[in-house]
Amino acid sequence: MQLGMVGLGRMGANIVRRLMRNGHQCVVYNRTPDKVQEIAREGATPARSLDDLVTKLAKPRAVWVMVPAGGPTETAVMQLGASMDSGDILIDGGNSYFKDDVRRARGLEAKGVRYLDVGTSGGVWGLERGYCMMIGGDPAAVEHLDPIFSALAPGPGNIPRTPGRDGHDPRAERGYLHCGPSGAGHFVKMIHNGIEYGLMQAYAEGFGILRAAGTKARPEDERYDLDLADIAEVWRRGSVISSWLLDLTAAAFATDARLDGFKGHVEDSGEGRWTVMTAVEQAVPAAVLSAALYARFRSREDVNFGDRVLSAMRKGFGGHLEPGKGGG
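In this text the structure is predicted, and so the values were computed from the model without any measurement.

Conventions and cut-offs
- Residues numbered from 1 in each chain as written.
- Predicted model: local features only at pLDDT ≥ 70, side-chain atom pairs only at ≥ 80, totals over all residues.
- Heavy atoms only, no water.
- Helix = DSSP H or I, 4+ residues; strand = E, 2+ residues; numbered from the N terminus.
- Pairing = 2+ DSSP bridges.
- Buried < 20%, exposed > 50% of the residue type's maximum accessible area, 1.4 Å probe, protein only.
- Lys, Arg positive; Asp, Glu negative; His and termini not counted.
- Salt bridge = Lys/Arg side-chain N within 4 Å of Asp/Glu carboxyl O.
- Contact = heavy atoms within 4.5 Å.
- Phe/Tyr/Trp six-rings, centres within 6.5 Å; stacked < 30°, edge-to-face > 60°.
- Lys NZ or Arg CZ within 6 Å of the ring centre and 35° of its normal.
- Right-handed = clockwise from strand over helix to strand, strands pointing away.
- Expected span 1.5 Å × (residues − 1).
- Arc of directions from axis to C-beta.
- Disulfide = S-S within 2.5 Å.
- Core = buried A, V, L, I, M, F, W, Y, C linked by side-chain atoms within 4.5 Å.
- Axes fitted to C-alpha atoms, helices over the stretch in contact; angles between N-to-C directions.
- Parallel < 35°, antiparallel > 145°, perpendicular 65-115°, else oblique.
- Left-handed = near helix turned anticlockwise from the far one by under 90°.
- Nonpolar A, V, L, I, M, F, W, Y, C, P; charged D, E, K, R; others polar.

Undergrad: So, unusual backbone geometry: which residues are in play, and what are the values?
TA: Trans peptide bonds make up most of the peptide bonds, and negative phi angles are found at most residues other than glycine. Across the junction of Lys59 and Pro60, the peptide omega takes the value -5 degrees, indicating a cis bond. Here Pro60 shows up in the loop between α3 (50-55) and β4 (62-65). A positive phi angle is found at Leu259, which is not glycine, with a value near 55 degrees. Relative to the helices and strands, Leu259 is located in the loop between α11 (244-255) and α12 (271-282). With a phi close to 55 degrees, Ala283 is a non-glycine residue in the positive phi region.

Undergrad: I'd like a rundown of the sheet that holds strand β1 (residues 2-6), residues and numbers included.
TA: Pairing within the open sheet is mixed, and its eight strands lie in the order β3-β2-β1-β4-β5-β6-β7-β8. The open sheet has two edge strands, β3 (45-46) and β8 (176-180), and neither has a second partner.

Undergrad: Please set out the side chain of Arg296 residue by residue, giving values where relevant.
TA: Along the polypeptide, Arg296 turns up in helix α13 (residues 287-299). Although buried, Arg296 forms no salt bridge, and the nearest oppositely charged side chain, Glu196, lies 5.2 Å from it. In this structure, Arg296 is in contact with Tyr197, Met200, Val266, Glu267, Asp268 and Arg314, ignoring residues within four places of it in sequence.

Undergrad: Lay out the packing of aromatic side chains with the relevant residues and their values.
TA: Counted under the stated rule, the structure contains nine aromatic pairs. A centroid spacing of 5.3 Å and a plane angle of 75 degrees characterise the contact between Tyr97 and Phe98, whose relative ring orientation is edge-to-face. Each member of the pair, Tyr97 as well as Phe98, carries the same accessibility label: buried. Through successive ring pairs, a cluster of aromatic residues spans Tyr97, Phe98, Phe187 and Trp274. The side chain of Arg129 reaches across the aromatic face of Trp244, ending 4.1 Å from its centre. The ring of Tyr197 has Arg296 lying over it, and the distance from NZ or CZ to the ring centre is 3.6 Å.

Undergrad: Help me get a handle on the pattern of salt bridges, residues and values and all.
TA: One pass over the full model with this rule turns up 27 salt bridges. Linking Glu173 and Arg165 is a salt bridge whose minimum nitrogen-to-oxygen distance equals 3.6 Å. On the accessibility criterion, Glu173 (25% relative accessible area) is partly exposed. Note that Glu233 is salt-bridged to Arg237, the shortest N-O span being 2.4 Å.

Undergrad: Quick one: what's the story with the pairing of β4, residue by residue and with numbers?
TA: A two-sided burial pattern is seen for β4, the buried positions comprising Ala62 and Trp64 on one face and Val63 and Val65 on the other. Where β4 lies against strand β5 (residues 89-92), four bridges are found, and the strand directions are parallel. Within β5, the position partnered with Ala62 by the bridge is Ile89. Note that the unit made of β4, helix α4 (residues 71-83) and β5 has a crossover that is right-handed.

Undergrad: Pulling in residues and values, what's your account of α4?
TA: Over its 13 residues, α4 extends 19 Å from the first C-alpha to the last, a length consistent with the 18 Å expected when each residue adds 1.5 Å. Taken residue by residue, α4 has Thr73, Ala76, Val77, Leu80 and Gly81 as its buried positions. Taken down its axis, α4 places every buried residue within 125 degrees of arc, on the same side. Exposed and facing more than 90 degrees away from the buried side of α4 are Thr75 and Ala82.

Undergrad: For the state of the cysteines, give the residues involved together with the corresponding values.
TA: Disulfides are covalent bonds that link the sulfur atoms of two cysteine residues. The full count for this structure, using the stated rule, is zero disulfides. The thiol of Cys132 is not disulfide-bonded; the next cysteine sulfur, from Cys179, is found 8.7 Å away. In this structure Cys132 comes out as partly exposed when scored by relative accessible area, which is 34%.

Undergrad: Can you break down the environment of Val288 residue by residue, with the values?
TA: Residue placement: Val288 occurs in helix α13. For the pair Val288 and Leu321, spaced 33 residues apart in the sequence, the C-alpha separation amounts to 25 Å.

Undergrad: Kindly report on the nonpolar core, identifying the contributing residues and their values.
TA: Grouped together as the largest cluster of nonpolar side chains are 33 residues, with contacts concentrated most on Val16, Val28, Trp64, Leu116, Met133 and Phe149. Beyond its immediate sequence surroundings of up to four residues, Val28 is in contact with Met5, Leu8, Val16, Val36, Ile39, Ala44, Thr45, Pro46, Ala47 and Leu53. Among the nonpolar cores identified, the runner-up in size contains 24 residues, and Met200, Tyr203, Val309 and Leu310 belong to it.

Undergrad: Kindly report on the packing of helix α10 (residues 228-235) against α11, identifying the contributing residues and their values.
TA: Look at α10 against α11: their axes get within 8 Å of each other, and the N-to-C directions meet at 150 degrees. One way to sum up the angle between α10 and α11 is to call them roughly antiparallel. The hand of the α10/α11 crossing is left-handed. Residues Leu228, Ala229, Ala232, Glu233 and Trp235 of α10 lie in contact with α11, whose contacting residues are Leu246, Ala250, Phe253 and Ala254. Looking at the contact of α10 with α11 residue by residue, the class counts come to eight nonpolar, no polar and one charged.

Undergrad: Can you tell me about the packing of helix α9 (residues 184-211) against α12, naming the residues and giving the values?
TA: Packing of α9 against α12 brings their axes to within 8 Å, and their N-to-C directions diverge by 105 degrees. The orientation of α9 relative to α12 falls into the category roughly perpendicular. Facing α9, whose interface residues are Phe187, Met190, Ile191, Asn193, Gly194 and Tyr197, α12 presents Glu271, Gly272, Trp274, Thr275, Thr278 and Gln282. Classifying every residue of the contact of α9 with α12 by side-chain character gives five nonpolar, six polar and one charged.

Function-wise, these values are silent; they only describe arrangement.
Here it is in structure tokens:
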């Protein structure tokens, strides 16, 4: 198939590469031309502007927007929507607020442009591992783009099949799912990221306690000089708390045992806040997720070792750098 990609950052460029590896054609645009030329040298068709990108796509067009949530996404969606025709498909694959998706889909529906919100997880590792995708919007548009989603998804891999899944959507076992109407994809991704905050905070606090086990605050005969790199490694092997986040933590400890390369200033990219706001709206208790969000706020004023663990995980899965090191 043919797909237009707007935004060639950490994830956008690798999405294009993965699609091209699977035989799809991509027309690409980025506000900085050097990234466009880099991907063009790998086989993509370059575009000089959003309008140029639209003209280079065959109908029905499909354009994926992968730029920062908020103003940049809003601007790109509105400009592309004005240039596209009835039957075309416009995808927001970033981390937009689901209520914005509902509004945008309603506005684009008037001219027949179909809008899909695709919550995309995989970070900088997606090129090789694939992307987990949570999709909202028109079912026919999702079905039309199934070859795209299938190429991007990780596939079943070597994960054992869950017993009792007969009758459920088989796409979920391959790593992508149509969650429901407009906004549903980003709603599910929002909660996914809220849970991520809680999991990361649990690891951070646990390793913080382990590190403090050797301090003078403990009785002398109960002080333990623990090797955190080895503990993280042994937990990866058969432990009930093994996970990809733990894999990334172990890798960070292996190369920087004290995590001296991190200040511990932990940013939040929006989804954690929206998750807590939604919990309040729905009167659903979310004590762990709320505490994890507030811990990130606190890290910007009073850093501890656990905050450096959080920063290491964020860099590991998403390439997120601390302020002053190239971004948050």
